[in-house]
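Results of the structural survey
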Amino acid sequence: MTKSPPRDRARFGADTRLVLAGRDPSEQHGFVNTPIYRGSTVLYPTYDDIKHRRGRYNYGTSGTPTMDALCKAWSEVAGAAGTVLAPSGLSALTLALMTCVSAGDHLLVTDSAYRPTRIFCDGVLKRYGVEVEYYDPLVGAGIAALMRDNTKAVLVEAPGSQTFEMQDVPAIADAMHARGGTVVMDNTWATPLLFPPHARGVDLAVEAGTKYLSGGSDLLLGLVSANAKHYPALKRTYEHFANCPGPEDIFLGLRGLRTMGLRLREHGVRGLDMAAWFQGRPEVLRVLHPGLPDDPGHALWKRDFSGASGLFGVILKPVSEEALAAFLDGLELFGMGFSWGGFESLVIPFDPTVYRTATRWQPGGPCLRFHIGLEDMADLKADLEAGFARMRAAG
């Protein structure tokens, strides 16, 4: 007889819980992993069973053993009452927002939010009568002054997308909860391993499983976890949309979960090493990484986070666009693409001046976002050295 995994897992360390969470070989004939369940139709044995929806499952969109395994595992990792899945990180974020705002409500959104989030807020939410207001990500407890009688929710992201400002999430949560509002957070940069959202006052925590949960740059997946107060509403909203991911992506998410702790620590070490290396470069004006001691958000990061991921920003000293192109186009190990969290290193140029509204972004030079992958650090630095040489030669 196959033994079930230990039920009291709180006594174990994070890596052990990642291995055990959402996994019970005794339910899978002894196989280690929950298999992929593909299916839409669930059959009932009798009229009475189908009349009363008697059974663990009733239709593919409402859950499968594969889906349940990941939801239970993520809830355990995040310290949540429950989790629902979505086909992408953006889809998960829109699901979280649709859970807590309605026509006539006022929503506060950090000015440093992921740009597709802003597009959804300025498009769909405004079209359906939600008033969206952007705020300075550094406002902290001062956010109380922005709240109105119809303020129902606040969206935080720490650190901010691309610009990496740190937000005082507990202070914002306290201010919002004092008015009976909901706190939604995009926690993709840290994952619950580095920032436990619900322990810090977040009601609905959104993760793009596409990133560090996957680790392989080969799936699209989103997760929304909720505390006990907000999980029933989240579950209802999920059921209304039935916006579920594919079974293969869920399975890959489960597989990635088992090694996420190890990979995330390695990405964090490499990211900090590379960020410090960039600080010593004469071509660099500033590095945007809250884990650096001289970063403006370092004190908040050190207080609330237990580590860093491999994603950060670099502001170069002014150069021509031709010189910047020479730097980027010749890189051999840094791909240019709009994602991160995988095993490979990436870089993209960014310019939030075209869409930020509550704050002014005046960096002083071209901005690049780097994700440090799992290649040899010496090789990555040599690739960047050659890039800077091309930049200098191009003037």
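The residue count restarts for each chain, going from 1 along the sequence in the order it is written. Only residues with pLDDT of at least 70 are given local features in this predicted model, and only at 80 or more are side-chain atom pairs given and counted; all residues enter the totals for whole chains, interfaces and linings. Values reported for side chains reflect all heavy atoms of the structure, with hydrogen atoms and water molecules removed beforehand.

Remarks on the nonpolar core
- One finds Leu107, Leu125, Val154, Trp189 and Val224 to be the most contacted residues of the largest nonpolar core, which totals 81 residues.
- A run of H or I in DSSP counts as a helix once it spans at least four residues, and a run of E counts as a strand once it spans at least two, with each numbered from the N terminus. Of all the elements, helix H3 (residues 65-78) adds the most residues to this core, at 8 residues.
- Where each domain begins and ends is defined by an automated method or by a domain database. In terms of domain composition, this core takes at least three residues from each of domain 1 (14-257) and domain 2 (261-394).
- Should any heavy atoms of two residues lie within 4.5 Å, those residues are considered in contact. Not counting residues up to four positions away in its chain, the partners in contact with Trp189 are Pro159, Phe164, Tyr212, His289, Pro290, Trp301, Phe305, Gly307, Ala308, Ser309, Leu311 and Trp340. Working definition of a nonpolar core: buried Ala, Val, Leu, Ile, Met, Phe, Trp, Tyr and Cys residues. They are joined through side-chain atoms within 4.5 Å. Each residue gets one of three labels from its accessible area relative to the maximum for its type: buried under 20%, exposed over 50%, partly exposed in between, using a 1.4 Å probe on protein chains only.

With respect to the packing of aromatic side chains
- Aromatic contacts are taken between Phe, Tyr and Trp rings whose centres are within 6.5 Å, Trp giving its six-membered ring; a plane angle under 30 degrees counts as stacked, one over 60 as edge-to-face, and the others as tilted. For the structure shown, the criterion picks out 11 aromatic pairs.
- Measuring from ring centre to ring centre gives 6.4 Å for Trp277 and Phe388, while their planes differ by 35 degrees; the resulting arrangement is tilted. Taken as a pair, Trp277 in helix H10 (residues 260-279) and Phe388 in helix H13 (residues 377-394) lie far apart in primary sequence, 111 residues in all. Grouping residues by exposure puts Trp277 and Phe388 together as buried.
- Measuring from centroid to centroid gives 4.9 Å for Phe327 and Phe388, while their planes differ by 35 degrees, and the two rings are tilted.

Considering the environment of Ser75
- Position of Ser75 among the secondary structure elements: in helix H3.
- Classification of Ser75 as buried rests on a relative accessible area of 10%.
- The spatial distance from the C-alpha of Ser75 to the C-alpha of Ala299 is 28 Å, given a sequence separation of 224 residues.
- Among residues more than four places away in sequence, those in contact with Ser75 are Ala80, Gly82 and Thr83.

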